[in-house]
Amino acid sequence: MAAGRPRSFDADKALDRAMRVFWRRGYEGASLPELTKAMGINRPSMYAAFGNKEALFKKAVDRYLEEPAAHLAACLAAPTIAEVAKRLILGAAERLGCPKNPRGCLIMNGALACGKESEAIRRDLVARRGEHDQAIRARFAQAAAAGELRKGVDPDALARYVSMVMQGLAVQAASGATPEQLRSVAEVALANWPK
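Here the structure is a predicted model, which means the values were calculated and not measured.

Conventions and cut-offs
- Residues numbered from 1 in each chain as written.
- Predicted model: local features only at pLDDT ≥ 70, side-chain atom pairs only at ≥ 80, totals over all residues.
- Heavy atoms only, no water.
- Helix = DSSP H or I, 4+ residues; strand = E, 2+ residues; numbered from the N terminus.
- Buried < 20%, exposed > 50% of the residue type's maximum accessible area, 1.4 Å probe, protein only.
- Contact = heavy atoms within 4.5 Å.
- Lys, Arg positive; Asp, Glu negative; His and termini not counted.
- Charge placed at Lys NZ, Arg CZ, Asp CG, Glu CD.
- Phe/Tyr/Trp six-rings, centres within 6.5 Å; stacked < 30°, edge-to-face > 60°.
- Lys NZ or Arg CZ within 6 Å of the ring centre and 35° of its normal.
- Axes fitted to C-alpha atoms, helices over the stretch in contact; angles between N-to-C directions.
- Parallel < 35°, antiparallel > 145°, perpendicular 65-115°, else oblique.
- Left-handed = near helix turned anticlockwise from the far one by under 90°.
- Nonpolar A, V, L, I, M, F, W, Y, C, P; charged D, E, K, R; others polar.
- UniProt positions renumbered as here; feature names shortened; annotations may be inferred.

### What about the overall build of the protein chain?
- Counting its secondary structure elements, the protein chain contains 9 helices and 0 strands.
- In the protein chain, the succession of α and β elements from N to C terminus is α-α-α-α-α-α-α-α-α.
- A buried classification covers 42% of the 195 residues belonging to the protein chain.
- Across the protein chain, contacts joining residues at least 24 apart in sequence account for 65% of those joining residues at least 6 apart.
- Both charge centroids of the protein chain, one from 30 positive and one from 21 negative side chains, sit 3 Å from each other.

So this is what it looks like as structure tokens:
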């Protein structure tokens, strides 16, 4: 069997460019012409390298999650639960406010802007966010078992609080909040940490 023509483009760079289009426009808002133009390839090359739009989106989400997943793991490894919360919330404000990136969070933006035709995409994004939330809840449960939280503090509710603050920051970033505003809200959230 003869080998096909070698690719004349860098698949990793093309995927990074597609990820940024999806990040800015969402799954439904990103058109195939816009994606292929940003990727610097034609439609047949896109299909050959990445599959259809849904497959490309899932690969772009995998790529997007590499950095936040590494950040999450580093945050959860902090020695105290207060430090975990601080790193998660301030880190989210910093990443979401970075002027080099599209506004907001690809996962949040995508899950909030899916119609009925893209229900499978929305469910996938919700499940991926749920995996991160579950990891945070597990670390808070571990802290409670170790006696880090004062009696009467519900570790699950506190973990959800941290997740919701980060998600709220993502929504605010997508709506145009400045890096300073995001950091200010993060600091207020941390000031309310149970003593």
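### Some words on the side chain of T36
- Assignment of secondary structure puts T36 in helix α2 (residues 32-39).
- Setting aside residues no more than four positions away along its own chain, T36 makes contact with I41, N42, R43 and M46.

### Here we look at the packing of aromatic side chains
- According to the stated counting rule, one finds 5 aromatic pairs in the structure shown.
- Ring centres of Y27 and F57 lie 5.1 Å apart, and the angle between their planes is 65°; this geometry places the pair in the edge-to-face category. Taken as a pair, Y27 in helix α1 (residues 11-29) and F57 in helix α4 (residues 53-76) lie far apart in primary sequence, 30 residues in all. Exposure class is identical for Y27 and F57. Each is buried.
- Considering the side-chain rings of F140 and W193, the 6.1 Å spacing of their centres and the 70° angle between planes classify their relative orientation as edge-to-face. With F140 in helix α7 (residues 119-145) and W193 in the segment after α9 (179-191), this pair connects stretches of sequence that are 53 residues apart.
- What makes W193 buried here is its relative accessible area of 11%.
- Members of the aromatic cluster, connected to one another through ring pairs, are F22, Y27 and F57.
- For the cation-ring pair, K53 lies above Y27, with the distance from its terminal atom to the ring centre recorded as 4.8 Å.

### Overview of the packing of helix α5 (residues 81-96) against α9
- For the pair α5 and α9, the least separation of the axes is 9 Å and the interaxial angle reads 165°. As the angle between them shows, α5 and α9 are arranged roughly antiparallel. In terms of crossing hand, the pair formed by α5 and α9 is right-handed. On the side of α5, the interface is formed by A85, K86, I89, L90, A93 and L96, while α9 contributes L182, R183, A186, E187 and L190.
- Per-class residue counts for the contact of α5 with α9 are 8 nonpolar, no polar and 3 charged.

### Observations regarding the packing of α5 against helix α8 (residues 155-174)
- Running from N to C, α5 and α8 point in directions that differ by 10°, and their axes come no closer than 9 Å. By the angle between their directions, the pair α5 and α8 is classed as roughly parallel. Contacts between α5 and α8 involve A85, L88, I89, A92, A93 and L96 on the former and, on the latter, V162, V165, M166, L169, A170 and A173.
- Each residue belonging to the contact of α5 with α8 can be placed in one class, and the counts come to 12 nonpolar, no polar and no charged.

### So, the UniProt feature "DNA-binding region" (unreviewed entry) in the protein chain
- The sites that carry the UniProt feature "DNA-binding region" (unreviewed entry) are, in the present numbering, residues 31-50.
- Here residues 31-50 runs as 80% helix and 0% strand, with 15 Å between its end C-alpha atoms.

### Observations concerning the environment of A18
- Positionally, A18 belongs in helix α1.
- In this structure the C-alpha to C-alpha distance between A18 and A138, which are 120 residues apart in sequence, comes to 33 Å.
- Aside from chain neighbours lying at most four places away, what touches A18 is L35, M39 and L56.

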